[in-house]
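Architecture and fold: a report
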Amino acid sequence: MTQSLSPAALLQNAAPAAITGESSADYDVVRRTLERLTHDWRNQPSLEELASDSGLQPIQLQRVFSRWAGLTPKQFLQALTLDHAKSLLEDAATVLDTSYEVGLSGSSRLHDLFVTHEAMTPGAYRERGKGLTISYGYHPSPFGIALLMITDKGLAGLAFCEENEREAALADMTRRWPAAHYVESHEATAPFAARVFDPQAWQEDTPLRLVFIGSNFELKVWETLLSIPMGKATTYSNIAERLGNPKASRAVGTAVGRNPISFVVPCHRVLGKSGSLCGYHWGLTRKRAILGWEFGRSLSE
């Protein structure tokens, strides 16, 4: 089961900014603002208080935040409080089930990004990437620095980090396939970054190709994630049920946490059974930011 993620009235005019160096810099301001909202949402901090935290004038913060997300800090707070998250399950209709019935879990149109995917052979997975050449590069995104990793067959990894966390993010990703050969190539990864973060490039007739490198169970979980529509969410237990093993919620959670292609394979759309946001490998603040960005996209179309 899936649920709607946001009251439409709060986000009627949401329209994410184009992905540029400027919007990446905006994220630093947005991140600090989101951290304050996350920890102090019950007190409904004012625009003046939020601006003081960011070292900006209120009008400056309002402008930066609205440019980034298409809505004001106050509207974002209203849409993303945990009280809203807990009420999301009330709308747990059958969107995920419907997506399966119409074939969205296959290798054609998997979700709003229009992707296709293929899995590496079990042997390649067991050998931890031996024989693979993986190119990587860092790029600005609406959610901080994005680290993209590609093979000759498509996008294999996407991680997020702050400017001073590049080496840690790279180490985290390379540990997944330690026997692979890694080559830094901004030129090779740039076209993928441009497509991933530009909604105008999400075209059905030119799908983005993904390469899954994981265990059989992980592949099944990641394929299920691709069926969750933008602006919707599901739970770990619902995914376990979908896979025919209702008691496997914890294993599903582990597989979701190991998803190597963040954002594109939308592990951020998975909530706890109570509707809480739970964890996110790249930080809960970033998870809230991605969900908010998607709220705007889903309601502006």
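Residues numbered from 1 in each chain as written. Predicted model: local features only at pLDDT ≥ 70, side-chain atom pairs only at ≥ 80, totals over all residues. Heavy atoms only, no water.

The name that an unreviewed UniProt entry assigns to the chain is methylated-DNA--[protein]-cysteine S-methyltransferase, with the source organism given as Roseibium limicola. Here is the UniProt Sequence similarities (unreviewed entry) comment for the chain, exactly as written: "Belongs to the MGMT family." (UniProt positions renumbered as here; feature names shortened; annotations may be inferred.)

A count of helices and strands for the chain gives 13 helices and nine strands. Residues classed as buried in the chain amount to 52% of the 301 residues present. Expressed as a percentage of contacts within the chain between residues at least 6 apart in sequence, the contacts between residues at least 24 apart total 72%. A total of about 13,100 Å² of accessible surface is found on the chain, and carbon and sulfur atoms cover 50% of it. (Helix = DSSP H or I, 4+ residues; strand = E, 2+ residues; numbered from the N terminus. Buried < 20%, exposed > 50% of the residue type's maximum accessible area, 1.4 Å probe, protein only. Contact = heavy atoms within 4.5 Å. Areas by Shrake-Rupley, 256 points an atom, 1.4 Å probe, with all protein chains shown as cover.)

Attention now goes to helix α12 (residues 249-257). Listing the buried residues of α12 in full gives V252, A255 and V256. On an axial view of α12, the arc spanned by its buried residues comes to 100 degrees, and they lie on one face. Against the buried residues of α12 lie α10 (216-225), α11 (236-242) and β9 (270-271). (Arc of directions from axis to C-beta.)

Mapping N238 onto the fold places it in helix α11. Under the relative-accessibility criterion, N238 is labelled buried at 10%.

Here strand β4 (residues 144-151) lies mainly inside the structure; eight of its eight residues are buried. Across seven bridges, strand β3 (residues 133-141) lies against β4 in antiparallel orientation. Of the residues in β4, the one forming a bridge with S135 is I150. The turn linking β3 back onto β4 is made up of two residues. Two strands pair when backbone bridges link them, and β4 and strand β5 (residues 154-161) are joined in this way by seven bridges, in the antiparallel orientation. When the sheet's bridge partners are listed, T151 is paired in β5 with G154. Connecting β4 to the antiparallel partner β5 that follows it, the hairpin turn spans two residues. (Pairing = 2+ DSSP bridges.)

Attention now goes to the packing of α10 against α12. The interhelical angle for the contact between α10 and α12, taken along N-to-C directions, is 75 degrees, at an axis separation of 9 Å. Between α10 and α12, the crossing angle belongs to the class labelled roughly perpendicular. Residues F217, E218, V221, W222 and L225 of α10 form the contact with α12, whose participating residues are A251, V252, A255 and V256. Of the residues that constitute the contact of α10 with α12, the class distribution is eight nonpolar, no polar and one charged. (Axes fitted to C-alpha atoms, helices over the stretch in contact; angles between N-to-C directions. Parallel < 35°, antiparallel > 145°, perpendicular 65-115°, else oblique. Nonpolar A, V, L, I, M, F, W, Y, C, P; charged D, E, K, R; others polar.)

Right, let's get into the environment of R63. Position of R63 among the secondary structure elements: in helix α3 (residues 58-69). Separated by 10 residues in sequence, R63 and P73 place their C-alpha atoms 10.0 Å apart.

Turning our eyes to something else, we now look at the nonpolar core. F143, L155, F160 and F263 are the most contacted members of the largest nonpolar core, which has 71 residues in total. Among all residues touching F160, those that are not within four sequence positions of it are S141, F143, I145, A146, A169, F197, S262, F263, Y280, W282, R286 and I290. (Core = buried A, V, L, I, M, F, W, Y, C linked by side-chain atoms within 4.5 Å.)

Along helix α9 (residues 186-196), the positions that sit buried rather than exposed are T189, F192, A193 and V196. Along the long axis of α9, the arc covered by the buried residues comes to 105 degrees, so they all point the same way.

We now examine the pattern of salt bridges. Tallying each qualifying case throughout the model produces six salt bridges. Here R258 ties to E218 by a salt bridge, and the two come within 2.9 Å at their closest N and O atoms. Note that R258 is positioned in the loop between α12 and β9 and E218 in helix α10, a separation of 40 residues in sequence. Put simply, D172, R175 and R176 are held in one network by salt bridges that share partners. (Salt bridge = Lys/Arg side-chain N within 4 Å of Asp/Glu carboxyl O.)

In this section: the confidence of the model for the chain. Overall, the predicted model of the chain reaches an average pLDDT of 75, with 71% of residues at or above 70. Counting interchain partners and residues more than four positions distant, the pLDDT-below-50 stretch residues 4-20 has 45 contacts. Note that residues 81-112 has pLDDT below 50 and, in this model, 73 contacts with residues that lie over four places away or in other chains. (pLDDT = per-residue confidence, 0-100.)

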